[in-house]
Amino acid sequence: GAGIAYKLAQALAQALGGPEPVELLDLVAVGTIGDLVPLRDENRSLPRAGLERLRAAPRPGLRALMHVSGIQPSGLRASGIGFGLAPRLNAAGRLDSAEAAYQLLMAEDSAQAAELAASLDRSNRDRRLATSQLVELARSLGAEAQDTHLIFAAHPDFREGLAGLVAARLVEERYRPVVIAHLGEAEVRGSARSIPGFHITRALDECAELLTRHGGHAAAAGFTVARERVGELSERLQAIARRELSGADLTPAIEIDARLSAGDL
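In this text, all values refer to a predicted model and were calculated from it rather than measured experimentally. (Residues numbered from 1 in each chain as written. Predicted model: local features only at pLDDT ≥ 70, side-chain atom pairs only at ≥ 80, totals over all residues. Heavy atoms only, no water.)

1. A few points about the overall build of the protein chain
For step 1, the next point in the chain: Within the protein chain, the regular secondary structure consists of 10 helices and 5 strands.
For step 2, the next point in the chain: The dimensions of the protein chain, computed from C-alpha atoms along their principal axes, are 60 × 55 × 40 Å.
For step 3, the next point in the chain: Per-residue burial over the protein chain gives 41% buried out of 265 residues.
For step 4, the next point in the chain: Sequence separation of 24 or more characterises 58% of the internal contacts of the protein chain that already satisfy a separation of 6 or more.
For step 5, the next point in the chain: Total accessible area on the protein chain stands at roughly 14800 Å², and carbon and sulfur atoms take up 51% of it.
For step 6, the next point in the chain: In the protein chain, which carries 30 positive and 34 negative side-chain charges, the distance between the mean positions of the two groups comes to 3 Å. (Helix = DSSP H or I, 4+ residues; strand = E, 2+ residues; numbered from the N terminus. Buried < 20%, exposed > 50% of the residue type's maximum accessible area, 1.4 Å probe, protein only. Contact = heavy atoms within 4.5 Å. Areas by Shrake-Rupley, 256 points an atom, 1.4 Å probe, with all protein chains shown as cover. Lys, Arg positive; Asp, Glu negative; His and termini not counted. Charge placed at Lys NZ, Arg CZ, Asp CG, Glu CD.)

2. A word on the packing of helix α2 (residues 25-34) against helix α3 (residues 42-56)
For step 1, the next point in the chain: Where α2 meets α3, the closest approach of the two axes is 7 Å, and the angle between their N-to-C directions is 120°. By the angle between their directions, the pair α2 and α3 is classed as oblique. Considering how the two elements wind past one another, α2 and α3 form a crossing that is left-handed. Here α2 contributes Leu25, Asp26, Val28, Ala29, Val30, Thr32 and Ile33 to the contact with α3, which in turn contributes Asn43, Leu46, Pro47, Ala49, Gly50, Leu51, Arg53 and Leu54. (Axes fitted to C-alpha atoms, helices over the stretch in contact; angles between N-to-C directions. Parallel < 35°, antiparallel > 145°, perpendicular 65-115°, else oblique. Left-handed = near helix turned anticlockwise from the far one by under 90°.)

3. Some words on the sheet that holds strand β5 (residues 220-226)
For step 1, the next point in the chain: Read across the open sheet, the 5 strands follow the order β1-β2-β3-β5-β4; overall the sheet is mixed. Of all strands in the sheet, those with a lone pairing partner are β1 (151-155) and β4 (211-216), marking the two edges. The mean inter-strand angle of the sheet, taken between neighbouring strand axes irrespective of direction, is 15°.
For step 2, the next point in the chain: With 5 bridges connecting them, β4 and β5 associate as antiparallel partners. Within β5, the position partnered with arginine 213 by the bridge is threonine 224.
For step 3, the next point in the chain: Against the sheet, helix α10 (residues 230-245) engages β1, β2 (178-183), β3 (187-193), β4 and β5, with an angle of about 165° to β1. (Pairing = 2+ DSSP bridges.)

4. A short note on the nonpolar core
For step 1, the next point in the chain: Counting residues in each nonpolar core, the largest one holds 43 residues, and the members touching the most others are Phe152, Ile180, Phe198, Phe223, Leu233 and Leu237.
For step 2, the next point in the chain: Listing elements by their share of this core, those giving two or more residues are α7 (110-143), β1, α8 (160-174), β2, β3, α9 (200-205), β5 and α10.
For step 3, the next point in the chain: Here isoleucine 180 is in contact with Ala138, Ala153, Phe158, Ala163, Val166, Ala167, Leu170, Arg189, Gly190 and Ser191, once residues within four sequence places are set aside.
For step 4, the next point in the chain: If you look at the next biggest cluster of nonpolar residues, it comprises 22 residues, including Ala29, Val30, Ala64 and Met66. (Core = buried A, V, L, I, M, F, W, Y, C linked by side-chain atoms within 4.5 Å.)

5. Digging into the pattern of salt bridges
For step 1, the next point in the chain: As enumerated under the stated definition, the model contains 11 salt bridges in all.
For step 2, the next point in the chain: Linking arginine 243 and glutamate 206 is a salt bridge whose minimum nitrogen-to-oxygen distance equals 2.7 Å. Placement of arginine 243 in helix α10 and of glutamate 206 in the loop between α9 and β4 is noted, with a sequence separation of 37 residues between them.
For step 3, the next point in the chain: When its relative accessible area of 49% is taken as the criterion, arginine 243 is described as partly exposed.
For step 4, the next point in the chain: Salt bridges here are not isolated pairs; linked through shared partners, they connect Arg88, Asp121 and Arg125. (Salt bridge = Lys/Arg side-chain N within 4 Å of Asp/Glu carboxyl O.)

6. Points about helix α5 (residues 78-95)
Counting along an α-helix, one turn takes 3.6 residues, and residues three or four places apart therefore face a common direction.
For step 1, the next point in the chain: End to end, α5 covers 25 Å across 18 residues, agreeing with the expected 26 Å (1.5 Å per residue, within 8%).
For step 2, the next point in the chain: Of all the bends found along α5, the most pronounced is centred on alanine 86 and spans about 40°, while proline 87, a proline, follows it within four residues.
For step 3, the next point in the chain: All of the buried residues in α5 are Gly80, Ile81, Gly84, Leu85, Ala86, Pro87, Arg88, Leu89, Ala91, Ala92 and Leu95. (Expected span 1.5 Å × (residues − 1). Bend = angle between axes of the 7 residues up to and from the residue.)

7. Concerning the environment of serine 246
For step 1, the next point in the chain: The residue serine 246 is located in the segment after α10 in this model.
For step 2, the next point in the chain: Between the alpha carbons of serine 246 and alanine 181 there is a distance of 24 Å; along the sequence they are 65 residues apart.
For step 3, the next point in the chain: Every residue in contact with serine 246, bar those within four places of it in the chain, is listed here: His149 and Ala241.
For step 4, the next point in the chain: Here the side chain of serine 246 touches arginine 242 through a polar contact of 2.4 Å, landing on its backbone oxygen. (Polar contact = N/O pair within 3.5 Å; in protein donor to acceptor, adjacent residues only side chain to side chain.)

8. With respect to a positive patch on the surface
For step 1, the next point in the chain: Residues Arg44, Arg48, Arg55 and Arg77 make up a contiguous surface patch of positive charge.
For step 2, the next point in the chain: Relative to the elements of secondary structure, arginine 55 occurs in helix α3.
For step 3, the next point in the chain: A relative accessible area of 33% places arginine 55 in the partly exposed class. (Patch = residues over 30% accessible without salt bridge, like charges linked within 9 Å, V, L, I, M, F, W, Y side chains within 5 Å.)

9. A short note on the pairing of β3
For step 1, the next point in the chain: Two elements, β2 and β3, share 6 bridges in a ladder whose sense is antiparallel. Paired with histidine 182 across the two strands is arginine 189, which belongs to β3.
For step 2, the next point in the chain: Here β2 folds back onto β3 in antiparallel fashion, the turn holding 3 residues.

Structural data, given as structure tokens:
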């Protein structure tokens, strides 16, 4: 998405006879790396150029965010974006509104940028604590059951902005597809994360007549369903998971590139 937005800006600049908008490449780097896009082809070259801009002359908001993240601009690497800047930018939208993150990126005044960065840092700490509490809630709702092929947990306390993080944590722990859903009065909104071999969006496609809306890809999806149909949705997804994963070795796989001896190293 960040790369596509840059391509649009690039085309507009070209159409208007202006220079390439390289001043936006820092945002391409943050967006591309923060969204865990495979860093290949232009998804590598554009963020690489953006990292160079971030090291040399970061905009005030990102400089302030580096400061609260304990990152020196000159030493910024992709990991600093992935584990330092991006989680703090994302925290605002997960807990409330993403407006603070937008204002930080647009800030021209260093004092305002510092205040916004501190606020995002606090939001990120709150997000981590809330996520840990909701993971415990998911476990208490039966996520520890050993005989299930898919974990489905729904509760009013599951915040929509954190449901995907909770699901991802449980996928790491249990190596099962996981659905975490916020129970509203009329609607239930859920986030799903999956494992290789189980295309979670295709599973939701099979349940389309139950759903108000849904979308995603093989590893992650979101959906909305009427509250009175959430039980049926859970049962259907469990049945699909049993069909697709019965007999599968549900342990994490490690991709090995080569066998090397100590002498080779």
